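Chain residues, written in single-letter form:
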Amino acid sequence: MENIFEELGVPKKYLKHTNKEGCFVALVHKLWLKSLVKYSKLTEFTERGRFESWPVNDDELGSSWTKIFVSVFKKRDVNVIPLPRIRTLVRDDPPLLFCQLMQYIHQTNYKNLWKEAYKKYNCKTEMNKETQINLVEYNDVLREIITRIYGCPIINVCDSRTSPEASKPFDVHLNILPAGCAVETLNAIFVLHVPFLEHNLKDCVTFSPAILNKCYAKSLFIIYQLLQTLKSMHDRSLTLGDISLSDIYLTEDMWIYIIPSIQSNIYVQEIAKTDAKRHIPDCRKNGHKFDLNLKCESCGMKTYDKVQVSNESLQELCQLWVEGQISNFTYISALNKLSGRKLGDPNCHHVFPWVTDFASRCGKNWRDLKKSKYRINKGDRQLDLTYDNPQSQVAHHVSDVLSSITYYVYMARRTPKSVLCKNVRTVWVPAEYPSSIQRMQEWTPDECIPEFFTDAGVFRSIHDDLEDLEVPGWCSGPEDFIEKHREALESVHVSERLHHWIDLTFGYKLAGNAAIKSKNVCLHLVDDHNKLMKSGIVQLFTYPHPPRAAASLFWNKTPPKIYITKPTKQKRDRSNSPGMALEAKTDDEEIEDVPNSNRSPLGLSRLLSRSRSSLNEEPNQKPTKNPANQRSSSLGPKNPTFTSHINAKSRAGLVVPSSSMSTGIIYLPKEYKPEQNLENLEKRHSFFSKTFHVEEKRAKCVEAEGRSAAEEIDEYVVQNAFTNLIFSENFEEKVRFNRIKSLTYPLDSQNFRSKPVQRNENQIVCNYSDIISARRIRELQILGCLIVEIFMAKQLRALGANDSNLSFNERLRACLTVVRSCKFDLPSCISYIVHLLLQPDTMNFKEFKYPSVTDLGLPPPSAHLLLEPLLHCVIPFPRLFPNLYHVISSLKEFKNVAVELGVLYHFDCNGEMCAEYESLERTKILFAQNIGECKVKTCAKHLEVLLEELYTTTDTEIVNILLPHIRELIEDPPTSVLAAWYLFDPFSRVLGPQRTSETLLDSILKLYENEPNESTLPYYGKIAKLYHHSFLLRLMVRLGLKCFLDNFTAPLVEAVGRYKDYEKVDFILHTHSEKFVKKTSHLKTMDNEHVDASASDDSSVSSEKRPTPKQESKQVSEPEVFEFEDDKQNEEQLKSLMEHLELNVASDLPFNHSTAEEALDATITENLDQLRSLEELNMNLSEDDDGKGACSPTIPIPSGKDFTNISCEIGSKKSDSIHFELVLDSPSSANSEAKKGPAVPKSRKQDAKISDMSSDSLIWLSHRLGPVLTARYLSRNLLKMLTLCYVGRENLTAVPKDEGVKEVESISVVSSYVQGDHNASKVLECLTSIAGLYGEQLILFQYIPHMSELIALCKRRLTPNLEGGLISCLALLQHVIPYLSDSTLMDQLQDVILKNIIHPIVRLLSSPKYTFPSGYTARNVLARKYVDTLYVLSIRMGSDMTRTHLAVPALQRFFLIFDKIYANEESPYPDDPSQKNHKPEESHYLEVCRDGSVNEWAIGGTPIQISNVRLRNEIADSPSLPHDDISEQSLEELKGVFTPELAYSAYLPFLKHVGASSLEISLKNHALIKDLCQEYEQEVKLSYPSQKLQASEFSQNTITASSSIGSNIALIGNRIDVQSGDVENINTDVLSLVSNRLENNSRHLRGNWLAYWEHEIGRSDKDTMFNFKQIKLQSFAGHTHSVKCLYVLDNENSFISGSRDKTVKLWSLRSQGDGSSVSTCQWTYTAHKKSVLSITFIESMRLVASCDSVVHIWDPFMGVNVGHLESPKFPPVNVLKSLPAPSSLVIAATTDGTVKVIDTRMCSYIQELKVSLNPAGLIRCLAVAPSGAWIATGQSSGTITVLDSRTGLVISTWKAHESEVLQLVAADNHTIISSSLDQTIGVWNAGDGKFRFHLRLSFARGATEPVHCLNVYNNELISGTTANRIGVHTSIDLEASFSSTKLRSDAFKGLLTSMALLPLNRLLLLGADTGVINLLC
């Protein structure tokens, strides 16, 4: 077989056998495949580089290679039977309605039973209805099958012109493995299947049986898919063939793909080849040879004979005619011949009857065959005259049947004039001859001649003056007339009456009384002539001729149509409509002949027309071209002319009154005459025996012994004596063996005789319909085998039946054995269908067939029938399978498209055609996005329909089958975001929180946690949606709050830290390097970062900088890619494109990864050159070389914003007045601004960035969760995140402030803004808004301790994380200072802020013992942040306080660090001669300082540190410090950081704020600092002498337009007299920015709330014990009577209470006040008429059920009533409990001791469960298992009963307590805890009611009280007693320690009536009889 693959060009080693013959797995290159599929070109096969072994997994396979299945079909040179024709393909018929189904079953059964009876009793019909078939070539059929199944193009390699297009009408069925294309080579056709699937059903059953064993639903779903496939194949008139389990491939999600067995559809007929030389026979000489269509093979003449006669005797002919085997024409010709007539003899030419007067075609003008033509023409009076009063001749009626004159007139057009003048009339008068055939028929008294039936020539005149004989208007010409005339002669009407004409012309009516009676006395027979004659009338028969056996309506293959009329007394007509009646169709053909057949009621014709009602029905294709011959004989030729009026009744159907059951009368049609056949038989017998003396012959024969079988049968057949012979055993056999000596040519359904001689190698006679039905039967048996093999794999294994190469018979035998022997192991769901399909009780499988009507009264099985949902009795498919199949198949349809897309758009780029490939990839992604979007939306639509019908309690298996598909959608990049958005919510609703967290949680988390990579990035355009709080709310509801907090807070916080803000649009789609995406905390290293990536690397460029050509082209092609945003699309694209240009940090380093750091260093050095070239473009890139090399002269003047920048926090009241816009400061920026203007829109606010979205959501969450959960889950994580924002060197890279992004305001004097600040901006925003919400205590007890701890940790050693932490502490401190009140700030300043934060940091900064992991960069940032923080503090405190508290240790130490570096060096830049020459003068420095002008001051900003990140190796030794305890590296760091520029920048602001004199006192090294400042000034002047003027102008602008605080302070500083009013105004604003920001303080923590909060956040995560401290946090007042019940919603921010005041109230839980505040309710439900007894919340429906003896169901979110179940017949309900989600059921306990089940979707009771036989009192309480599996009821008698919630049966019941049960709770799925009036708490097994133990209740002084409130928290039990004691059992076991607390009256007033628990917040809600509810901790 592999040799054939050489034609395909695939080498052997790339092929692997599968276990199916002719099917291989091939390893091919995707480009090879693409060229075949896309361009239909077979290209050279690409080989792999090294190919030792087959790749095991995808990684080994590589991206350019793929595995495919290849099926090989060898071509053959044989002829085969053609395929059946296709029924019209109907897609997705709706299932039949009940009435349609019943009608279909009724009609089909009627038809099948009729057929069966017909076969059984119609002895004349041979069983094998043979038809002649034109064979076709094997290869053509093969191609046709491939096209029908796969609809794929077949590429002909040998002849490219013949490649057919993919056929449109055929889409491959979704359960058939699709084919990419087929390739036809010289010897074979290859079908290439994509995709390749690893596993088949055989593997599943054998190696992973657990997949299918868990429940039958999955196996049934596989069978359902099999049936769908069968149905589709049947609609294409194909079969699946002999497939085994190993031909059924399946994916993890239980969707099957079948490789059908194509060969099963091909029937090869081996035929002996005949002579090659074939001569064309001459029909005239040799006689015609007729084929099965009754046309002559050579001349095409048509015949009506089924048997060709040669020289039979009259008896035989008569028999043949009566039986309908020969035509009327043949029989009349034979009678003419036998009576001595000769063709062409004018005196005794053959005589034929005229059958019509030709007036019209419709056949209403038949001639009466009981009268002779003579009599019709002359009339009875004329005949009586010649008979009664003969003048000259003997008395007679008829002179002649056909006179010679008449003959000549008939033939006048062909007879010479001379002959006519001699015989007809001596004078030639053309007008004397009738001009038309109608005229001729009217005129002549004689009968017709055969020429008018056979020879068109007689119409054409040979005379010039005699016109042609005209034919009637309804004919197109003589030929047409002849055909139709002959048709009329053969019509049923004539056949049924022809025997009368035979009697008149050749029979008994020629003589005796019969002749006289019928006025038929013939002159020739009575004139007693005595001269010899050669012609005359001859009487052949002396007895009445038997009629031709007309097929009775009731003796036909198909039943007649019967109309049932209703009795008139019935007023309403219940039939479908008056004109419609039940009718059973005839064969399929008939329906297909009549295209608009709407005769069948209810549109059933579609089903019946394609109905597979009977496997044995007529084949769907007759190989004849002319359907007219395929009618059963009762209908005659299919021709309206002659058939429409015959059996008028039968055509219209037979009318029958409807039978009535009461009278027991069955009406039969009056046309039904069962005795008729007997009469006919007797008549025929008497005729034969008297005419041919059969009896005598027979008697003689009996004596003779040695007779031949042929004679014997002849006589049997002829002797048709009586029925015993006919029904004898061997009669049929004999008949079949040999019939009549003549050749017989079978026609369709009529009686076929012996096999005809074969005359053409392309034709064959065979029983086509049997072949087709055998094929169908076998297919159903295979289906039966497959079902057994799936369900009974274990039992079959022993029989060795699992071998895939077994033949069908072996498989069948094994399956039957198992079915027979393991009767009871067969699952009940398939038992019936297996018995039906395999019929195990059949003895003889040779003649296997299905019963016409099965034992359920259904037609034989077929795929269409088994799939009807109403027939689930046959295979009990769950009712939702059709919808389920619909949903999944729509997904698979998209999947097929996506696979095709993958093939068509694959490319391998060699690096030369990147641009083209990039657009290709864009197109591909665009398609994938669109497919993804359609897929999800279609799925959502179908899913909605499915889920509406779904019962969560019973249809779990449907959900399980659907689950992997939904999960795949959520995990697959193109669909993931949309699927999460659209599908997660509806689907998780039916799963319930428990199952959702088990199954979908990971998939959803991947969306939040995974790093974006090239496969996911293009599809995450809308991922920001998933961070929106509306989606988070869905997650909370569907997963439960705890699960949500545990899993989603971390990713949310990461998103706030901009971890997820990868720039979504312009991702480099096609590169040959690694693709980079922005950082995340745990990122990969960037070892192979390519140089071209540096353009997107933030170390180099800020937003405005990438006008590279590549970028431009991307911008142009951009809009087409992200096409599925709705309205703001273009601007969004621009914005996202912008963002991309602005920030795309290459990658991040894993912590402590030294190699990565080196790699980073390396790349940065490589990038320097590129950076330089960028500088030339004036890209506002400032750089500070620290002395090693001179700066390039093009560095623009540093901008004012480098000193300070305020960007106001949006939303703070004070900042609204100020809005600063930064101006670009480089002198040349004006033109660059103009250049880049259009490309960069300024506002990008609308573009939903993930960080914006998630920070909004986080703030929303902090409001919602309350202080404890916020501190535990949000702020704690945000603080960690803040550290991460500053970890790693690239986060410490300085960047210009981004004016477009709203940052938390920051006041910066030394340009400390770095990338980390950008990342941290949102984190800080969240932290500060949380602080603003819950007050400054949060800062004091959470933020500041966090900072102190971090800094304390740094004393040991600095790790990269701690280094980031240090910087983040300063950033955070700077931001929270405004949120502290003045008093708090001063309280905390000395001991906390300075001692724990500021002083340790300055120590670290100055210490040369530590080296920073990020080296110089980190120390630099820390120093600058330190200065900024001090400055913010000092502004907040004012100059006096600064002098007191900050100047000495904090500032002093900072400036002392300069000493370490500059003490022993004469020049700060010893290496640089140019620096030495220009030593700045001190006076100059002072001039600048004191003169109040801003010019010089604005120049000296910090150039941003970008490029000099290299660690310098040449470290200068410092003589002043001993070598050993100082790290040289750290000294080098110090040198790099503490430059003159820093001294200058840090010194000035403080100088101006505090004053020179104070500074001089404070700073010990004041002189050195002044020197450094001057030196720096000098340097600036020298660098930019020419730009001085411009600079000064420029800085004037800066003052007015920019928010540069530096300039403001320069004016304020220590020269107060210079200030103008305007400036003063600005200064107060600066102060307001750093002063108290807390505005709304309603939720600030204080009093009891603060105590509770402090306690909770002080606990470790491991400590989850419930501590009851009796601290009252809040009261809820509103009820006017005692609170009966409380229910806390899962979100713990609201609860519901029901009271005796007839109301249910909804409350919001928000921390307010100090513990004494009283809250009011949000909403009240007032529809109850009595006191509310019980409430519950139905999680899955989000509804509340409450009862006051009547159950009300209402929606708390919308405040609307959904329904209430009120009726006098419902007993009062006193307890309600809902089953856990996803169930929508509520359990209601009634006062009469029953449990009722309410379905909240229908708002009605659906079941009533009996709890005990004798009513054991009313039910006091209910408990539901956490899993929902059981319900426990506690009765007033002390009995507990456990019911199974699925079956409603009692699991166990026991007497638990002496007095009534007060409370029940389910501790877990196996434990019930009950409390009772007898003052005990019992613990029980739920399953068997076994008593475990009593929990101790030891209250103070031995008192005991009944416990009436129970709650389980984790494994603790919290109880409340009637005496206001709250008890806590630390665990549920005997040894549990128990503590109880009596409620104090200040914490709780009144009696405890109800209790609820908030588990996450560890709070209790207690309801009192006063109507007040208290929240306690």
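Cut-offs applied
Residues numbered from 1 in each chain as written. Predicted model: local features only at pLDDT ≥ 70, side-chain atom pairs only at ≥ 80, totals over all residues. Heavy atoms only, no water. Buried < 20%, exposed > 50% of the residue type's maximum accessible area, 1.4 Å probe, protein only. Helix = DSSP H or I, 4+ residues; strand = E, 2+ residues; numbered from the N terminus. Contact = heavy atoms within 4.5 Å. Pairing = 2+ DSSP bridges. Axes fitted to C-alpha atoms, helices over the stretch in contact; angles between N-to-C directions. Disulfide = S-S within 2.5 Å. Core = buried A, V, L, I, M, F, W, Y, C linked by side-chain atoms within 4.5 Å. Parallel < 35°, antiparallel > 145°, perpendicular 65-115°, else oblique. Nonpolar A, V, L, I, M, F, W, Y, C, P; charged D, E, K, R; others polar. Salt bridge = Lys/Arg side-chain N within 4 Å of Asp/Glu carboxyl O.

Details of helix 34 (residues 828-838)
Residues of helix 34 that are buried: Cys829, Ile830, Ile833, Val834, Leu836, Leu837 and Leu838. Looking at the buried residues of helix 34, the elements they touch are helix 8 (216-235), helix 31 (768-791), helix 33 (808-821) and helix 35 (863-866).

Considering the sheet that holds strand 3 (residues 65-74)
Pairing within the open sheet is mixed, and its six strands lie in the order 1-2-3-9-8-7. Among the strands making up the open sheet, the edge pair consists of strand 1 (15-17) and strand 7 (154-156). The mean inter-strand angle of the sheet, taken between neighbouring strand axes irrespective of direction, is 25°. Strand direction decides the pairing type here: strand 2 (residues 23-29) and strand 3, joined by seven bridges, are antiparallel. Bridging across to strand 3, Phe24 finds its partner in Val70. Sitting on the sheet, helix 5 (residues 138-150) touches strand 3, strand 7, strand 8 (179-184) and strand 9 (188-193), and the angle it makes with strand 9 is about 10°.

Describing the state of the cysteines
Applying the stated criterion across every chain yields a total of zero disulfides. Take Cys815: it sits in no disulfide, and the sulfur closest to it among the cysteines is that of Cys785, at 3.9 Å. The class of Cys815 is buried, set by a relative accessible area of 1%.

Overview of the side chain of Thr1539
Relative to the helices and strands, Thr1539 resides in the loop between helix 57 (1528-1537) and helix 58 (1540-1554). When its relative accessible area of 11% is taken as the criterion, Thr1539 is described as buried. The residues touching Thr1539, leaving out its near neighbours within four places in the chain, are Phe1458 and Tyr1462.

Overview of the sheet that holds strand 18 (residues 1704-1708)
What the four strands build is an open sheet, ordered 16-17-18-20; its pairing is antiparallel. Looking at strand neighbours, the two that pair on one side only are strand 16 (1683-1688) and strand 20 (1723-1725), the edges of this open sheet. Neighbouring strand axes in the sheet, compared pairwise and without regard to direction, differ in orientation by 20° on average. Two strands pair when backbone bridges link them, and strand 18 and strand 20 are joined in this way by three bridges, in the antiparallel orientation. Residue pairing for strand 20: Leu1706 is matched across the bridge by Trp1723.

Quick word on the nonpolar core
Ile146, Tyr1343, Phe1454, Phe1458 and Phe1538 are the most contacted members of the largest nonpolar core, which has 334 residues in total. The dominant element in this core, judged by the number of residues it contributes, is helix 53 (residues 1416-1462), at 22 residues. Among residues more than four places away in sequence, those in contact with Phe1538 are Leu1405, Ala1423, Phe1454, Ile1457, Phe1458, Ile1461 and Tyr1462. One finds Tyr407, Ile482, Leu498 and Val694 within the second-largest nonpolar core, a separate group that totals 64 residues.

Quick word on the packing of helix 58 against helix 60 (residues 1566-1583)
One can describe the packing of helix 58 onto helix 60 by two numbers: an axis separation of 8 Å at closest approach and a directional angle of 110°. As the angle between them shows, helix 58 and helix 60 are arranged roughly perpendicular. Judged by residue contacts, Pro1540, Glu1541, Ala1543, Tyr1544 and Tyr1547 of helix 58 engage His1566, Ile1569, Lys1570, Leu1572, Cys1573, Glu1575, Tyr1576 and Glu1577 from helix 60. Grouping the constituent residues of the contact of helix 58 with helix 60 by class yields eight nonpolar, one polar and four charged.

Focus: the pairing of strand 23 (residues 1751-1755)
Of all five residues in strand 23, five are buried, a share of seventy percent or more. The alternating pattern of strand 23 places Val1751, Ile1753 and Asp1755 on one face and His1752 and Trp1754 on the opposite face, and all of these are buried. Inspection of the sheet shows strand 22 (residues 1743-1747) paired to strand 23 by four bridges, in the antiparallel sense. From the neighbouring strand, Val1744 faces strand 23, where its bridge partner is Trp1754. As consecutive antiparallel partners, strand 22 and strand 23 are separated by three residues, and within that stretch Ser1749 has a phi angle of approximately 90°, a positive value. Strand direction decides the pairing type here: strand 23 and strand 24 (residues 1760-1765), joined by five bridges, are antiparallel. Directly across from His1752, in strand 24, lies its bridge partner His1764. As consecutive antiparallel partners, strand 23 and strand 24 are separated by four residues, and within that stretch Gly1759 has a phi angle of approximately 70°, a positive value.

Here we look at the pattern of salt bridges
Scanning all chains against the criterion turns up 44 salt bridges. One salt bridge connects Lys75 with Glu184, and the closest N-O pair in it is separated by 2.7 Å. On the criterion of sequence distance, the pair formed by Lys75 in the loop between strand 3 and strand 4 (79-80) and Glu184 in strand 8 is long-range, its members being 109 residues apart. Glu184 gets classed as buried once you look at its relative accessible area, which sits at 3%. Across the pair Asp1844 and Arg1846 runs a salt bridge, and its minimum N-O distance is 3.6 Å. Asp1844 sits in the buried class, given a relative accessible area of 14%. Exposure remark for Arg1846: the relative accessible area of 64% places this residue in the exposed category. Ionic contacts of the salt-bridge type, sharing partners, join the residues Arg1272, Glu1656, Arg1659, Asp1663 and Arg1962 into one network.

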